[in-house]
Amino acid sequence: MKSNYIKFIDLFAGLGGIRIGFEQACKDRGIKTECVMTSEIKPHAIETLKHNHSHENFVGDIFKVKNQDIPDFDFLFAGFPCQPFSSSGKRHGFADTRGTLFFEIERIIKHKKPIGFILENVEGLVKHDLENKNDEIGQTLKTILHKLEDELNQIEIKSTTVLTVSYTIIIFLLTSE
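These numbers were taken from a predicted model, which means no experiment stands behind them.

Draft legend 1. The arrangement of the overall build of the chain in detail. Within the chain, the regular secondary structure consists of 5 helices and 7 strands. Written out in order from the N terminus, the α and β elements of the chain read β-α-β-α-β-β-α-β-α-α-β-β. Taken across its 177 residues, the chain has 43% of its residues classed as buried. Considering only contacts within the chain whose residues lie at least 6 apart along the sequence, 66% involve residues at least 24 apart. With the model as given, the accessible surface of the chain reaches about 9,700 Å², and the carbon-plus-sulfur share is 49%.

The structure is reproduced here in structure tokens:
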């Protein structure tokens, strides 16, 4: 990464909310950004993204995108589907195919080793699949944090932030060994 230029990918982009916030924060600090790949499968969201953002590397189903076809990037953004963890969904977690999209994020991070990433999901992710009602976080978030902190052993984690408001955001800044 150049000090004033950041490349990123936007997975499960929806309408691009994470991207918009990141681009604005960078612009305010004099840092240029470039989205080098966007993954989204919902036609109305893709139409909106194409209308609001100018780049051509839109990919559909991330399960079908091979590691070697993903451009190099500095940051990964992922608003992975919330229905498997949300009280408005069936809360099947990783048993729901949409819940397994987190593991695609893990795959890409392992292969590409970005500087950092931002994951966004619903507040329900924090307490999903509690073993004990007094636990602060459920098994699902424990699994995600374990995968990110322990199993990405080629990456040293500089800082981790987990924020819970009416949604959950996990932010990691990484350095490669």
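Draft legend 2. Representation of the pairing of strand β1 (residues 5-11). By the criterion of burial, β1 is predominantly enclosed, with 5 of the 7 residues buried. Note: β1 against strand β2 (residues 32-39), 7 bridges, orientation parallel. Opposite Y5, over in β2, you have K32 as the bridge partner. With 4 bridges joining them, β1 and strand β4 (residues 75-78) adopt parallel strand pairing. Looking at the pairing, F8 lines up with F75 of β4.

Draft legend 3. Molecular detail of the pattern of salt bridges. Scanning all chains against the criterion turns up 4 salt bridges. A salt bridge links R19 to E23; its shortest N-O distance comes to 3.1 Å. Separated by 4 residues within a single helix, R19 and E23 lie in helix α1 (residues 17-28), roughly one turn from each other. Judged by its relative accessible area of 5%, R19 is buried. Note that E106 is salt-bridged to K110, the shortest N-O span being 3.7 Å. Of this pair, E106 and K110 both sit in helix α3 (residues 101-112), 4 residues apart, roughly one helical turn.

Draft legend 4. Region of interest: unusual backbone geometry. Despite not being glycine, F12 has its phi angle at roughly 50 degrees, a positive value. Topologically, F12 is positioned in the loop between β1 and α1. Backbone geometry places K113, a non-glycine residue, at a positive phi of 50 degrees. Note that K113 resides in the loop between α3 and β5 (116-122).

Draft legend 5. Seen up close, the side chain of H53. For H53, the position within the fold is in the loop between α2 (43-52) and β3 (58-59). Separated by 3.4 Å, the side chains of H53 and R19 make a polar contact.

Draft legend 6. Expanded view of the side chain of S39. Counting through the fold element by element, S39 comes out in strand β2. Taking the relative accessible area as the measure of exposure, S39 reaches 2% and is therefore buried. Excluding residues that lie within four positions of it along the chain, S39 makes contacts with D10, L11, F12, A13, V59, G60 and I62.

Draft legend 7. The packing of aromatic side chains, seen in detail. Here the structure, examined in full by the defined rule, presents 5 aromatic pairs. Taking the centre distance of 6.0 Å and the plane angle of 65 degrees together, the rings of F8 and F22 count as edge-to-face. Of this pair, F8 sits in strand β1 while F22 sits in helix α1, and the two are 14 residues apart along the sequence. Among the residues examined, F8 registers a relative accessible area of 0% and is labelled buried. Counting every residue linked through ring pairs, the aromatic cluster contains F8, F22, F75 and F77.

Calculation notes
Once a new chain begins, its residue numbering starts again from 1 and follows that chain's sequence as written. Local features in a predicted model are, by the rule used here, given only for residues with pLDDT of at least 70; side-chain atom pairs are given and counted only at 80 or more, and totals for whole chains, interfaces and linings are based on all residues. Hydrogen atoms and water are omitted, and side-chain values are computed over all heavy atoms in the structure. Runs of E in the DSSP output that reach at least two residues are strands. Runs of H or I that reach at least four are helices, and both are numbered from the N terminus. To sort residues, take the accessible area from a 1.4 Å probe on protein chains only and compare it with the maximum for the residue type: under 20% means buried, over 50% means exposed, and anything in between is partly exposed. Note on contacts: a residue pair qualifies if any of its non-hydrogen atoms lie within 4.5 Å across the two residues. Note that accessible areas follow from Shrake-Rupley with a 1.4 Å probe, and for residues the cover is restricted to the protein chains shown. When DSSP finds two or more bridges between two strands, those strands count as paired. Only one rule defines a salt bridge in this text: a Lys or Arg side-chain nitrogen within 4 Å of an Asp or Glu carboxyl oxygen. Identification of polar contacts relies on pairs of N or O atoms within 3.5 Å, with a donor-acceptor requirement for protein atoms, meaning one able to donate a hydrogen and the other able to accept it, and with residues adjacent in sequence counted only if both atoms are side-chain atoms. Aromatic pairs are defined between Phe, Tyr and Trp rings, using the six-membered ring for Trp, whenever the two ring centres lie within 6.5 Å; interplanar angles under 30 degrees are classed as stacked, those over 60 as edge-to-face, and all others as tilted.

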